[in-house]
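# Structural description and commentary
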Amino acid sequence: MIEKKVFEEILSKVKIIKNDETCPICGGLEWIYDREKKYYYRCKCFYEKLYKNRVQILNIPKKYKNASFSSYKVNNLSQLAFLEILKEYALIYPFFPFVVRENWVYEKYILYIYGKTGVGKTYLSIAFLNYLLKEKGISGYFISFREFVEELKNRLLDKDEFKAYFQNIKTKSILVLDDVGAERDTEFVRNVLFEILDYRYNNKLLTLITTNLSPRALIERLSSYNNPSEDTSLGDRLYSRLCEAGEFIYVEGKDERKL
Ligand SMILES: [Zn+2]
């Protein structure tokens, strides 16, 4: 048994410790009021908290928790170009780089990252997500395409749940679709891939695709299948979207995981 007075003393000390932990800038509100501009903005501590929970928020594998631009091992020019492109995207996001072709301006918001296994496609894509969360407080989302397909298959019996899950993933402001093409090729898989890319293309949502397949191989895979509502094949339609909005990044190198 503790005397009430002693207990209160302990309690007051606990309070002091707690106060020390709250942010000295905002006092724990997570918002700061700018008197001159008359608006509220997020305190730094808010982003720090988000960043601490990045494994859950970004849905990244734990082993990539500390992936960063500065720790990416550059072994050749293609890897250097890959790094520089992702840095540029991270810097200018939510804007996109664009190219001008014959009086038309094309914004580039589908990053098609391809190359052999182990050259760091996944690593750097996650470094990209980590950077955006840490520096800009923007949370993207990572999912392996195989996992995405599995999650959808698990929901096939419940139409509403299926739709809700698909909707949740396809509307993410930034999405890394990892290792596309590694799963068994079926009509279901082709449709899922086309639908998600088509949706993201139409809504100008930044999408990073990592894959072992060259663009031609992916398009050929989809070409054999016709869209029921149109004469054109899924491959043809995807091809036109990638030509317009795609940035193609080929990453060369030895398999770092085997070294
Ligand atoms: Zn704060």
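Model, not experiment: these values are computed from the prediction.

## Quick look at the overall build of the protein
Scanning the protein from N- to C-terminus turns up ten helices and nine strands. Since a compact globule built from 259 residues should have a radius of gyration of about 18 Å, the 23 Å found for the protein marks it as more spread out than a globular shape. Taken across its 259 residues, the protein has 23% of its residues classed as buried. Sequence separation of 24 or more characterises 70% of the internal contacts of the protein that already satisfy a separation of 6 or more.

## Overview of the nonpolar core
Judged by nonpolar contacts, the single largest core of 44 residues is most densely connected at Phe 128, Leu 129 and Ile 209. Examining the composition of this core, we find that eight residues originate from one element, helix H5 (residues 121-136), more than from any other. With sequence-adjacent residues up to four places away left out, Phe 128 is seen in contact with Leu 86, Ala 90 and Leu 208.

## Description of the packing of helix H8 (residues 187-202) against helix H10 (residues 234-245)
Look at H8 against H10: their axes get within 11 Å of each other, and the N-to-C directions meet at 35 degrees. Where H8 crosses over H10, the two elements pack in a sense that is left-handed. Residues Arg 190, Phe 194, Leu 197, Asp 198 and Tyr 201 of H8 pack against Leu 234, Leu 238, Arg 241 and Ala 245 of H10. Looking at the contact of H8 with H10, its residues break down into six nonpolar, no polar and three charged.

## Quick look at the environment of Leu 242
Summarising the element assignment, Leu 242 is placed in helix H10. For the pair Leu 242 and Leu 86, spaced 156 residues apart in sequence, the C-alpha to C-alpha distance is 18 Å.

## Describing unusual backbone geometry
Following Tyr 93, the chain continues into Pro 94 via a peptide bond in cis, with omega recorded as 15 degrees. Here Pro 94 lies in the loop between helix H4 (77-92) and strand S3 (98-101). For Asn 59, which is not glycine, the phi dihedral falls at a positive 60 degrees. Secondary-structure assignment places Asn 59 in the loop between helix H3 (54-57) and H4. Classification of Asn 59 as partly exposed rests on a count of 18 C-beta atoms within 10 Å. Unusually for a residue other than glycine, Lys 204 sits at a positive phi of about 50 degrees. Note on placement: Lys 204 falls in the loop between H8 and strand S8 (206-211).

Reading guide: rules and limits
- Residues numbered from 1 in each chain as written.
- Predicted model: local features only at pLDDT ≥ 70, side-chain atom pairs only at ≥ 80, totals over all residues.
- Helix = DSSP H or I, 4+ residues; strand = E, 2+ residues; numbered from the N terminus.
- Rg over C-alpha atoms; globule rule 2.2 N^0.38 Å.
- Buried ≥ 20, exposed ≤ 12 C-beta atoms within 10 Å, placed from the backbone.
- Contact = placed C-beta atoms within 7 Å.
- Core = buried A, V, L, I, M, F, W, Y, C linked by C-beta atoms within 7 Å.
- Axes fitted to C-alpha atoms, helices over the stretch in contact; angles between N-to-C directions.
- Left-handed = near helix turned anticlockwise from the far one by under 90°.
- Nonpolar A, V, L, I, M, F, W, Y, C, P; charged D, E, K, R; others polar.

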